[in-house]
Amino acid sequence: MNLDKIIALGNGVTVFRDGEKSVKVFVGNPGAGNLLSEAMKQAVMYESGIAVPRVREVACADGVRAIVSDYAAGVTLGTLIGKSRTEVSDCAAQLVGFQRKMHEKSSAMLPDVAERLYAALRHPELPQSFAADAAGAADMIAALPYSMRRICHGKLSPDNLIADDCGKLTATGCGDAFSGYPALDAAITYGRSLCLYGGTFAEEYLKVRCETADPIDDGVLKCGIAIAFAGVGSDNRKKLLGMI
C-alpha cells in the first residue's frame, strides 16, 4: 500500500489514495472485529446495488489496519454548499434522491440500530429532557418489524457523498450502516447537517425530504439528532446543543 497521498481525515481514520484504490487507515488499535464489521457493512451495501465503493481487501499487517476500496473520484457535496442558494437546494435534492433509492433496499445482514440508539439517548452531554421526549419513539423504532426495515447509511450527509464529473453520486463512510427505519436515517442526516453545515442546509434538506416522503415524527427526529450528537466531536456537540 502506498500511504503518501492523504485525501481525507476523519475521527480516528486517515484516508489515502493509492492509484485507483482508496486506503482507509484506522488510527490506534480498533480491533480486527471492528474493521471486519465496517468492511462487511460496506460490502453488503455494494452487493445490494447501492453506490458505495467496492471493498477490495481488509489489511491487518505491519501495524496498519485498513480497508482498501475502489477510489471514488469527484468532490463531496459539502464542498458545493454555500456558494449560492441554488446549490444548497440542488445539494439537498441530490442527497434526498440518493437516500430514497437506498431506502428501497433491504438486507438481513446489517445490524439493528436499537443498541446504538439507546446508547445515544444515554449520552451524558445530551439534555435529559431531550432524551425523555425521544424515549417513546425509540421504543417504537426498536420494535419495528423486519418487513419495514430498510438499508440505512447511518450518518449520510454532504461530507460523505461524492459527486463525479458526470454527477453520479457515491457514498462513503459506511461503518454505521444498519437495517431499520428510513425516517430515522433521514433524522440522523438532519442532525449531522445541522452541526456540520448549519440550519439553512439542514432545513432545506428536511423540506425536500418531507415533500417526497411522509413527515418525520418529532420523536423520531429527536432520536436521529441524538444519534448524530453522539457521533460527532465535542465542538460539534456544543454547536448542536445550541440548536436543539
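Just above, that's the structure.
Below is a summary of the structure that appears in this document. Note that the structure is a prediction, hence the values are computed from the model and not measured.

So, the overall build of the protein
Part 1 of the reasoning: For the protein, the count of helices and strands is 7 helices and 10 strands.
Part 2 of the reasoning: For the protein, the C-alpha radius of gyration of 17 Å lies close to 18 Å, the compact-globule estimate for 244 residues.
Part 3 of the reasoning: Within the protein, the proportion of its 244 residues that are buried is 47%.
Part 4 of the reasoning: Sequence-distant contacts in the protein: of pairs separated by 6 or more residues, those separated by 24 or more amount to 68%.
Part 5 of the reasoning: Carbon and sulfur atoms make up 50% of the accessible area of the protein, which totals about 11500 Å².

Overview of the state of the cysteines
Part 1 of the reasoning: Under the defined criterion, the tally for this structure stands at 0 disulfides.
Part 2 of the reasoning: Here Cys-174 is not cross-linked by a disulfide; its sulfur's nearest cysteine counterpart is in Cys-152, at 13 Å.

Quick notes on the sheet that holds strand E5 (residues 64–70)
Part 1 of the reasoning: One open sheet holds the 5 strands; their spatial order is E1-E2-E3-E5-E4, and the pairing between them is antiparallel. The outermost strands of the open sheet, each flanked by one partner alone, are strand E1 (5–10) and strand E4 (55–61). Neighbouring strand axes in the sheet, compared pairwise and without regard to direction, differ in orientation by 20° on average.
Part 2 of the reasoning: Of the strands in this sheet, strand E3 (21–26), E4 and E5 touch helix H1 (residues 32–47), which is tilted by about 175° from E4.

Details of the environment of Ala-183
Part 1 of the reasoning: Turning to its location among the elements, Ala-183 is positioned in helix H5 (residues 182–212).
Part 2 of the reasoning: For the pair Ala-183 and Gly-224, spaced 41 residues apart in the sequence, the C-alpha separation amounts to 8.6 Å.
Part 3 of the reasoning: For Ala-183, the residues in contact, after removing those within four places along its chain, are Arg-209, Ile-216 and Val-220.

Quick notes on the packing of H5 against helix H7 (residues 234–241)
To describe two helices that pack against each other, one gives the angle between their axes and the distance between the axes.
Part 1 of the reasoning: Direction vectors running N to C along H5 and H7 enclose 105°, while the axes themselves pass 9 Å from each other. For the element pair H5 / H7, the angle class is roughly perpendicular. Note on element contacts: H7 touches H5 through Asn-236, Lys-239 and Leu-240, opposite Gly-191, Leu-194, Cys-195 and Leu-196.
Part 2 of the reasoning: Residues belonging to the contact of H5 with H7 are distributed by class as follows: 4 nonpolar, 2 polar and 1 charged.

Brief notes about the sheet that holds strand E6 (residues 75–76)
Strand-to-strand pairing in sheets goes through backbone hydrogen bonds, with the strands running parallel or antiparallel.
Part 1 of the reasoning: Taken in spatial order, the 3 strands make up an open sheet running E6-E8-E9, and their pairing is antiparallel. If you trace the sheet from one side to the other, it starts and ends with E6 and strand E9 (169–171), each paired once.

Looking at the packing of helix H3 (residues 114–121) against helix H4 (residues 128–142)
Part 1 of the reasoning: One can describe the packing of H3 onto H4 by two numbers: an axis separation of 10 Å at closest approach and a directional angle of 175°. One way to sum up the angle between H3 and H4 is to call them roughly antiparallel. Between H3, through Ala-114, Leu-117, Tyr-118 and Leu-121, and H4, the contact on the second element is made entirely by Ala-131, Ala-134, Ala-138, Asp-139, Ile-141 and Ala-142.
Part 2 of the reasoning: Of the residues contributing to the contact of H3 with H4, the split by class is 9 nonpolar, no polar and 1 charged.

Rules of the game
- Residues numbered from 1 in each chain as written.
- Predicted model: local features only at pLDDT ≥ 70, side-chain atom pairs only at ≥ 80, totals over all residues.
- Heavy atoms only, no water.
- Helix = DSSP H or I, 4+ residues; strand = E, 2+ residues; numbered from the N terminus.
- Rg over C-alpha atoms; globule rule 2.2 N^0.38 Å.
- Buried < 20%, exposed > 50% of the residue type's maximum accessible area, 1.4 Å probe, protein only.
- Contact = heavy atoms within 4.5 Å.
- Areas by Shrake-Rupley, 256 points an atom, 1.4 Å probe, with all protein chains shown as cover.
- Disulfide = S-S within 2.5 Å.
- Pairing = 2+ DSSP bridges.
- Axes fitted to C-alpha atoms, helices over the stretch in contact; angles between N-to-C directions.
- Parallel < 35°, antiparallel > 145°, perpendicular 65-115°, else oblique.
- Nonpolar A, V, L, I, M, F, W, Y, C, P; charged D, E, K, R; others polar.

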